[in-house]
Amino acid sequence: MCGIVGYIGNQEAVPILLKGLKKLEYRGYDSAGIAVQGKMGLVVRKAKGLIKNLEEKISAESKNADEFCGFAGIGHTRWATHGEPSDVNSHPQTDASGKIAVVHNGIIENHGKLKEWLLSKGVTFQSETDTEAVANLIGFYYRGDLLQAVMEAVGRLEGSWGLGIICADEPDRIIAVRKESPLVVGIGKGENLIASDVPALLEYTREVYYLEDREIAVLFKDHVDFYSDEGQVIQKEKTHIEWDAASAEKGGYEHFMLKEIHEQPKALTDTLRPRLTAADTGGARKINLDEIGFDASWAQASRVVITACGTAWHAGVIGKYAFEHFARIPVDVDVASEFRYRDPILNPKDIFIIISQSGETADTLAAMRMAKKGGARIIAITNVVGSTLAREADLVMYTWAGPEIAVASTKAFTTQLMCLNLIALQFGVLRGVIKSAQLNEYINALEAIPAQAEKILKGKENIQRFASQQFNKGKVFFMGRLFDYAASLESALKLKEISYTHSEAFAAGELKHGPIALVDTSTLVVALCTQSKLFDKMESSITQVKARGAAVAVITYEDSDRFNNIADEVFRIPRTDDSLSPILSVIPAQLFAYYCAVQRGLDPDKPRNLAKSVTVE
Ligand code: M6R
């Protein structure tokens, strides 16, 4: 996720672009840049880091007033995907001639092939970004008509994109086009703008057009033309924005956490899709991890060790179950702060999977360095390109979740699960445990998950109503077996960290070994029931807590009525393979935690005593 702005009109573009970028900084903040059409032609300034670094660079590098000013330009604040945060990888990216500049939000999945093809035509590249392939492709097709060149280039792209494009030879226009990445066109008086989100526009206009997939907008200062991807003129309906600036930044949601919970379907798609072979190429579907450099040698490991903290550790616990199930390989999973001070037995044949949303957690990094010292090879799963973890690991698999602003991790967690499932399945294939037909079934199940997550989100009012009845409970226990136990750990953490409710998770089989002593009429027990072979056992545990007066909510499959008669409330999730269920079953728990926090009058985005990134011990 990145932030795009574009301006064309009668005012000086640079200050407007900078202001717009600051409004979008929540979408990405590892680097920023601006391209402006001015007296000196097309000029680009870029800087690694926050937008203030770009401001400093602009004033340092523009010695005279005319050097970096003009009435049309595009800007970008980046959340790196391809290529670490650096000046050269920042956007705008230009084509080899330097005449066409592009800002991009999204992932160009076939950028490698496009780059190869362009290189074979003699086109040169400077950066590691997927975006430069787009700029060069447009440059390649440019024969004096920017719109035509954009249409030809976009026709060859695979993946997702929101693009803002300007060309030195056509300084009176900005072109915008999108697929699966948002772009809004703002209509002002004698000026028009583009942005990847409304907050960047609100100071100038409340009249906007939302671009739909593959639609193209050509902005001039006094009008905007819209085209289909085939170049036919289209008419669009204008929208008047009612939101205030603060809620616009959160996409109309009350909090970032709720917004991020809702971003999960998209984040899951972005994380999954580039790692699968295309469905329409014929033949059996495959998982393709070439992009991260994963080859057969990795699957020869004698043991997998997963190490992380907090939510990422919970993902690791689920990962252990997945690896054992899919790949039949021994797995240890460790809290990083324990691992680093224990006396762990390390073996050069071990593979470590280190999980961290931020890639900067002190304990997690220390554990990784210890494992490396012991000779193990490291796979990192992280959300931040160029983070310390990403730089120091042998292989990196990114979660394409975009920046997570709320302290409580939601979309990072489910995308971590997606990555772990992909690696575990690939291990299974390489170790001969999973055959082609089975893999196909798992791939189908994984591909169904984003839409299934969407369906759960549509039923959120039920969870909100339930939270409004239960938010004052003295204690809440989450229990389950196997994958459900692991998902319970994360569910309990969500509730405790943002609603300050005392919540615990335990394996349902442990109930009689202790936790049941705490169960009374003040207790809510949330039972996760997606492990079909253990439904009888779960039923018995539920009966036992009910007998002690606890209220019980069950999270189970929508096509099962098994728990209807013994639960006070049933939350339903779409049917999936039992080993993939945590990606879905955690969503009702995230929503429950969120609504409990709101009912208690708390700010779920900023829970007390917690920080987003724990870079100290
Ligand atoms: O950035 P990391 O994934 O390494 O962070 C690990 C934990 O600090 C983090 O997951 C924490 O538990 C969150 N507050 C959970 O919502």
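The sections below set out a description of the structure shown in this document. (Residues numbered from 1 in each chain as written. Predicted model: local features only at pLDDT ≥ 70, side-chain atom pairs only at ≥ 80, totals over all residues. Heavy atoms only, no water.)

Counting its regular elements, the chain contains 18 helices and 24 strands. Relative to a compact globule of 617 residues, whose C-alpha radius of gyration would be 25 Å, the chain shows 25 Å and is just as compact. Taken across its 617 residues, the chain has 60% of its residues classed as buried. Once local pairs closer than 6 in sequence are excluded, the contacts in the chain between residues at least 24 apart make up 71%. Carbon and sulfur atoms form 49% of the exposed surface of the chain, whose accessible area is close to 23,400 Å². (Helix = DSSP H or I, 4+ residues; strand = E, 2+ residues; numbered from the N terminus. Rg over C-alpha atoms; globule rule 2.2 N^0.38 Å. Buried < 20%, exposed > 50% of the residue type's maximum accessible area, 1.4 Å probe, protein only. Contact = heavy atoms within 4.5 Å. Areas by Shrake-Rupley, 256 points an atom, 1.4 Å probe, with all protein chains shown as cover.)

Another point: the site of the ligand. Among the 15 residues in the neighbourhood of the ligand, the closest are listed as Ser-356, Gln-357, Ser-358, Thr-361 and Glu-497. Between the ligand and Ser-356 there is a distance of 2.6 Å, counted from an oxygen atom to a side-chain nitrogen or oxygen. Between the ligand and Glu-497, the relevant distance is 2.4 Å, taken from an oxygen atom to a side-chain nitrogen or oxygen of the residue. For the ligand, whose accessible area on its own is 410 Å², the fraction buried by protein is 90%. Grouping the amino acids of the shell around the ligand by side-chain chemistry returns 6 nonpolar, 7 polar and 2 charged. (Near = heavy atom within 4 Å. Polar contact = N/O pair within 3.5 Å; in protein donor to acceptor, adjacent residues only side chain to side chain. Nonpolar A, V, L, I, M, F, W, Y, C, P; charged D, E, K, R; others polar.)

This brings us to helix H2 (residues 51-61). Each turn of an α-helix holds 3.6 residues, which means side chains three or four residues apart point in the same direction. Those residues of H2 not exposed but buried are Ile-51, Leu-54 and Ile-58. Buried residues of H2 fall within an arc of 50° about the axis and therefore sit on the same side. Among the exposed residues of H2, those oriented more than 90 degrees off its buried face are Glu-56, Ser-59 and Ala-60. At its buried positions, H2 is contacted by helix H1 (13-23), strand E2 (31-38), strand E3 (41-48) and strand E4 (70-78). (Arc of directions from axis to C-beta.)

Looking now at the environment of Gly-106. Position of Gly-106 relative to the elements: it lies in the loop between strand E6 (100-105) and helix H3 (111-120). The exposure class of Gly-106 is buried, given its relative accessible area of 18%. Placed 437 residues apart in sequence, Gly-106 and Thr-543 show a C-alpha to C-alpha distance of 48 Å. Ignoring any residue separated from it by four or fewer positions in sequence, one finds Gly-106 in contact with Thr-81, Asp-130, Ser-160 and Ser-181.

Of all hydrophobic cores here, the largest spans 121 residues; its most connected members are Phe-323, Ile-353 and Phe-427. If you tally residues by element for this core, the top one is helix H18 (residues 582-599), at 12 residues. With sequence-adjacent residues up to four places away left out, Ile-353 is seen in contact with Val-304, Val-305, Ile-306, Thr-307, Phe-323, Ile-379, Ile-381 and Leu-420. Core analysis: the second largest hydrophobic core is formed by 32 residues, Leu-118, Tyr-142, Ile-165 and Val-218 among them. (Core = buried A, V, L, I, M, F, W, Y, C linked by side-chain atoms within 4.5 Å.)

The 8 strands lie next to each other as E3-E2-E4-E1-E10-E9-E11-E14, forming an open sheet whose pairing is antiparallel. The open sheet terminates on both sides in strands that have one partner only, identified here as E3 and strand E14 (239-240). Of the strand pairs in this sheet, strand E9 (residues 184-187) and strand E10 (residues 192-195) are connected by 4 bridges, and their pairing is antiparallel. When the sheet's bridge partners are listed, Val-184 is paired in E10 with Ala-195. Contacting strand E1 (3-8), E2, E4 and E10, H1 crosses the sheet at an angle of about 25° to E4. H2 rests against E2, E3 and E4 of the sheet, and its axis sits at about 130° to E3. (Pairing = 2+ DSSP bridges. Axes fitted to C-alpha atoms, helices over the stretch in contact; angles between N-to-C directions.)

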